[in-house]
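Understanding the architecture of this molecule
Here is what each chain is made of, one letter per residue.
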Amino acid sequence: MNLKPQPAQAAPAADVASIPPRSRWRTIWRSPQWMVLVAFAVRVLWIALAHTYRIRTTENNFGFGWEIGRIAYSLAHGMGFSSPFGGDTGPSAWTAPVYPWIVSLAFRIFGSYSQASAFVLLTFNSLFAALTCWTIYRSALRIFNRTVAIWSGWIWALLPYTIFWSVRWIWETSLSAFLLSLLFMLTAEMDGDGRLSSWIGYGLLWGIAALTNPAALSFLPFAGCWLAYQLHRRGKPWVAPVLLSAVIFWMTVMPWLVRNYEVMGQPVFIRDNFGNELRVANNPLAEGPLVSAYHPAQNNLVLAKYKRMGEVAFCADQGRLAKQWIAENPGKFAVITLRRVILFWSGIPKVLESQRLADTKNALFLASSVLAIGGMLLAWKRRVHSAFLFASLLFFYPLIYYICFPQPRYRHPIDPELLILGVYLVSETRPRTAAAGGDEQELAELEQDEVLPQFHTLSVIIPVYNERRTVLKILRQVARQPLSLHKELIIVDDCSTDGTREFLRDTDLQQLLGGNGANTVKVVLHEKNRGKGAGVRTGLEHATGELVLIQDADLEYDPRDYPALIAPILDGHADAVFGNRFHYGPHRVPRFGRYVMNRIFSLVCNLLTGISIHDVTACYKVFRSDLLVRIDLRSDRFSVETEMTVKLAKLGVRIYEVPIVYHGRTYAEGKKISWSDGVMAFYDLVKYRFKD
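Each chain has its residues counted from 1, following the order in which its sequence is written. In view of the model being predicted, local features appear only for residues whose pLDDT reaches at least 70, and side-chain atom pairs are presented and counted only at 80 or more, with totals across whole chains, interfaces and linings using the full set of residues. Computation of side-chain values: all heavy atoms of the structure, hydrogens and water removed.

What follows covers the overall build of the protein chain. Helix and strand assignments come from DSSP, with helices taken as H or I runs of at least 4 residues and strands as E runs of at least 2, each series counted from the N terminus. Looking only at helices and strands, one finds 31 helices and seven strands in the protein chain. In this scheme, a residue with accessible area under 20% of its type's maximum is buried, one over 50% is exposed, and one in between is partly exposed, where area comes from a 1.4 Å probe on protein chains only. The proportion of buried residues among the 692 residues of the protein chain is 51%. Across the protein chain, contacts joining residues at least 24 apart in sequence account for 76% of those joining residues at least 6 apart. Calculation of accessible area relied on Shrake-Rupley with a 1.4 Å probe; when residues are assessed, cover is drawn exclusively from the protein chains displayed. Total accessible area on the protein chain is roughly 32900 Å²; 61% of this is exposed by carbon and sulfur atoms. The criterion used for residue contact is that any of the two residues' heavy atoms lie within 4.5 Å.

Another point: the sheet that holds strand 6 (residues 621-624). For two strands to be treated as a pair, DSSP must find no fewer than two bridges joining them. Overall, mixed pairing links the seven strands, which are arranged 3-2-1-4-6-5-7 in an open sheet. The two strands at the open ends of the sheet, each matched to only one other strand, are strand 3 (519-525) and strand 7 (655-659). For this sheet, the mean inter-axis angle between neighbouring strands, taken without regard to orientation, is 20°. With eight bridges connecting them, strand 1 (residues 457-464) and strand 2 (residues 486-493) associate as parallel partners. Residue Pro463 lies in a different strand from strand 2, and its bridge partner there is Val492. The strands touched by helix 27 (residues 562-570) are strand 1, strand 4 (547-550), strand 5 (576-580), strand 6 and strand 7; relative to strand 5, the strand with the most contacts, the crossing angle is about 150°. All axes here are fitted lines through C-alpha atoms, helices being fitted over the stretch that makes contact, and every angle between N-to-C directions spans 0 to 180 degrees.

Between the rings of Phe, Tyr and Trp (Trp by its six-membered ring), a pair exists once the centres lie within 6.5 Å; its type follows the angle of the planes, with under 30 degrees stacked, over 60 edge-to-face, and the other angles tilted. What the rule picks out here adds up to 41 aromatic pairs. Taking 4.8 Å as the distance between ring centres and 75° as the angle between the ring planes, the aromatic pair formed by Phe395 and Phe396 counts as edge-to-face. The class of Phe396 is partly exposed, set by a relative accessible area of 29%. One aromatic cluster is present, formed by Phe144, Phe184, Trp199, Tyr202, Trp206, Phe219, Phe390 and Tyr424 through successive ring pairs. Directly above the ring of Phe503 sits Arg468, whose terminal nitrogen or CZ lies 4.4 Å from the centroid. Any Lys NZ or Arg CZ found within 6 Å of a ring centre and within 35 degrees of that ring's normal is scored as a charge over the ring. One residue, Lys621, lies across the ring of Phe578, its end atom 5.1 Å from the ring centre.

A few words on the confidence of the model for the protein chain. A score from 0 to 100, pLDDT tells how confident the predictor is in each residue. Per-residue pLDDT for the protein chain has a mean of 86; in total, 87% of the residues score no lower than 70. Here residues 432-451 is a poorly scored stretch, pLDDT under 50, and it has 23 contacts once near neighbours within four places are set aside; other chains count.

With that settled, consider helix 30 (residues 640-651). What a helix should span is 1.5 Å times the count of its residues minus one. Compared with an ideal rise of 1.5 Å per residue, which puts twelve residues at 16 Å, helix 30 spans 17 Å between its outermost C-alpha atoms and is within 8% of the ideal. Counting buried positions along helix 30 gives eleven out of twelve residues, so the element sits mostly inside the fold. Looking only at helix 30, the buried set comprises Val640, Glu641, Thr642, Glu643, Met644, Thr645, Val646, Lys647, Leu648, Ala649 and Leu651. Of the residues trailing helix 30, Gly652 is marked for its positive phi of about 80°.

One can find Val239 in helix 12 (residues 239-264). Note: C-alpha distance between Val239 and Gly194 (45 residues apart in sequence) is 10.0 Å.

Looking now at the packing of helix 2 (residues 32-50) against helix 6 (residues 115-143). The contact between helix 2 and helix 6 brings their axes to 8 Å, and the two run at 155°. The angle between helix 2 and helix 6 falls in the class roughly antiparallel. Like other packed secondary-structure pairs, helix 2 and helix 6 cross with a definite hand, here right-handed. Where helix 2 approaches helix 6, its residues Pro32, Met35, Val36, Ala39, Phe40, Arg43, Val44, Ile47 and Ala48 are matched on the opposing element by Phe119, Leu122, Thr123, Ser126, Leu127, Ala129, Ala130, Leu131, Cys133, Trp134 and Tyr137. The nonpolar class holds Ala, Val, Leu, Ile, Met, Phe, Trp, Tyr, Cys and Pro. Asp, Glu, Lys and Arg form the charged class, and all remaining residues, Gly among them, are polar. Of the residues assigned to the contact of helix 2 with helix 6, the class counts are 17 nonpolar, two polar and one charged. Note on angle classes: values under 35 degrees are labelled roughly parallel, values over 145 roughly antiparallel, values of 65 to 115 roughly perpendicular, and the remainder oblique. Should the near helix be turned counterclockwise from the far one by less than a right angle, the crossing is left-handed, whereas a clockwise turn marks it as right-handed.

Time to look at unusual backbone geometry. Even without being glycine, Glu59 reaches a positive phi, approximately 55°. Along the chain, Glu59 turns up in helix 3 (residues 58-61). Positive phi outside glycine occurs at Ser83, with the angle close to 55°. As for its placement among the helices and strands, Ser83 is situated in the loop between helix 4 (66-76) and helix 5 (98-110). Judged by relative accessible area, Ser83 falls into the buried class, the value being 1%.

It is worth spelling out the packing of helix 15 (residues 311-328) against helix 16 (residues 330-346) at this point. Interaxial distance between helix 15 and helix 16 falls to 5 Å at its minimum, and their mutual angle equals 105°. As summarised for this structure, helix 15 and helix 16 are arranged roughly perpendicular, according to the angle between their axes. Residues Trp325, Ile326, Ala327 and Glu328 of helix 15 pack against Pro330, Lys332, Phe333 and Ile336 of helix 16. Tallied by class, the residues present in the contact of helix 15 with helix 16 amount to six nonpolar, no polar and two charged.

In this section: the side chain of Gln230. You can see Gln230 is positioned in helix 11 (residues 220-233). In terms of polar contacts, Gln230 uses its side chain to reach the side chain of Arg233, at 2.6 Å. Here a polar contact is taken to be a pair of N or O atoms separated by no more than 3.5 Å, where protein atoms must pair a possible hydrogen donor with a possible acceptor and residues adjacent in sequence count only if both atoms sit in side chains.

This brings us to helix 11. For helix 11, built from 14 residues, the straight-helix expectation of 20 Å at 1.5 Å per residue is met to within 8% by its first-to-last C-alpha distance of 20 Å. Looking at helix 11, one finds that the buried residues are Ala223, Gly224, Trp226, Leu227, Ala228, Gln230 and Leu231.

Below, the discussion takes up the side chain of Asp193. Tracing the chain through its elements places Asp193 in the loop between helix 9 (173-189) and helix 10 (196-212). The exposure class assigned to Asp193 is buried, which follows from its relative accessible area of 13%. Polar contacts involving the side chain of Asp193 include one to the side chain of Ser198, which spans 2.9 Å. Beyond its immediate stretch of four places on either side in the chain, Asp193 contacts Ser198, Trp199 and Leu231.

Following this line, the structure appears as structure tokens:
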């Protein structure tokens, strides 16, 4: 149904003093105008108090806008749009033209590279960052509801991360975010609008956005086609509005394209540095992020080549070298492309003076991505009318950065939409209902005057599969650990084929590991290979201890951590204890990809369960045995770790974490978990969260 706004009726003037304070604050809270005003004031105050306008003057002020600042300097001094790295290297199309022209205007009025210019430009950025509150509010109100709109607008206004880009970076980042959010808002609001005036403005705005940040054009085909389809399904004319809007778009960008053809000697669409961006991301040193050694701004040899060849020829040659490297290294290109996908959404790892702060920033960055993707999936599932717009933006906008290189600021233009989706997901979350049958009362924390529970035996379940080289060593380490509890070693061989099975069957392990009565040893042999989860379940069937600990048969985990693992339960503070491999003490540095996937998985698990665990997939977990009987484990493979975590969280048990030592193996050393186990773990995470 097409709703038309009714003419506004004049309201009688009210005495401000007569408005109750609560109503006044409520009016401010719901007002997008106040969001914009507060956002702008906070940013300008930040610039003034933090002195962010004092740009470093090293490298001839290159840090003042980098290539954009150099081009702006050339424009301000009558050399035209040229020389992105200083000197006089001739005409350039290294960047899109809008923002360099804005910077050059500040240079002309307030002085090149001056603090006054920096203050004005950062204030300019802050103005458009503040106006983004309005576009966010309007989009969320149109697509979802007022609650999502209000919270999204105020979070954008006050969140330090969104403030950072406008008060620190003299770049088009904040302007791009505003323009793309404005286009997103207009696309949602033009649903069914066939007025030619609306489509003329739409085409003009897209032209301006293209001349500011061409990456925004990845959303244009989907936004335009969606609007055309909405007209078509209503039986309205759509060909003329679409064609007119397209003509306006091309008329807007054409002067710049003509200029490029005339001064560069060949057609250049908006900017010509794609070959260079491809090369700095795909080269013999490539690992995913930018390799600065291949960039003319960071390497004098590359800069000399740029000056010698000229910009167009240089970028073409860089692109040729990048494509040649990709053709010669397709496997590595695929791996680093996947890594770039992860980095785009999780953030670039940084080494800061405070590593905890760096990890926190990346965790929040990743959390915002996960929340946004979750919100998009929920909107799609619930058939929200504009869910297609969100999905196409999140899918297609990052593609160029997957094959080049990601940076957090490259994601910022779509942060407004990500924020809306994240707030929508959180707003739709319902609190978990209380557990039935008195579980929570039974598992309530001990009162100070209560007697602590008594534990006598620790059952250590050790699933084994093809670990002939390590099994005896790990068994001896477990048996030697001095504990106040009797240890029950339950070794479950999962039909090994490398001699492990025969060794366990033919060796008198009770005599070897009994420790003069300190340990009891049980060996169970599976007749066919069933997986780690099946081994854990079999071990539980034979366990008699009040506490149960899971121990892998390789040497990745150190049994010397047993005292720390069982202490919170013995002291009455916990019902289950999880080991944490990712702590700030001494530990082996994990592979980056594996670390990122573990962090993502743990974050998703926390979002679904409402708990906060840093390392869901760690093997070391200790439980009160009565809990494991109640949760009825079903998983056969490695995802048993996930099932245990989710089901314990649903029971509401007290879970502690302790740091553990971890000596991770490579696949060459015998590691068995694969990518398919990761996929199954995600599947089981969702399955066991919403089903038994």
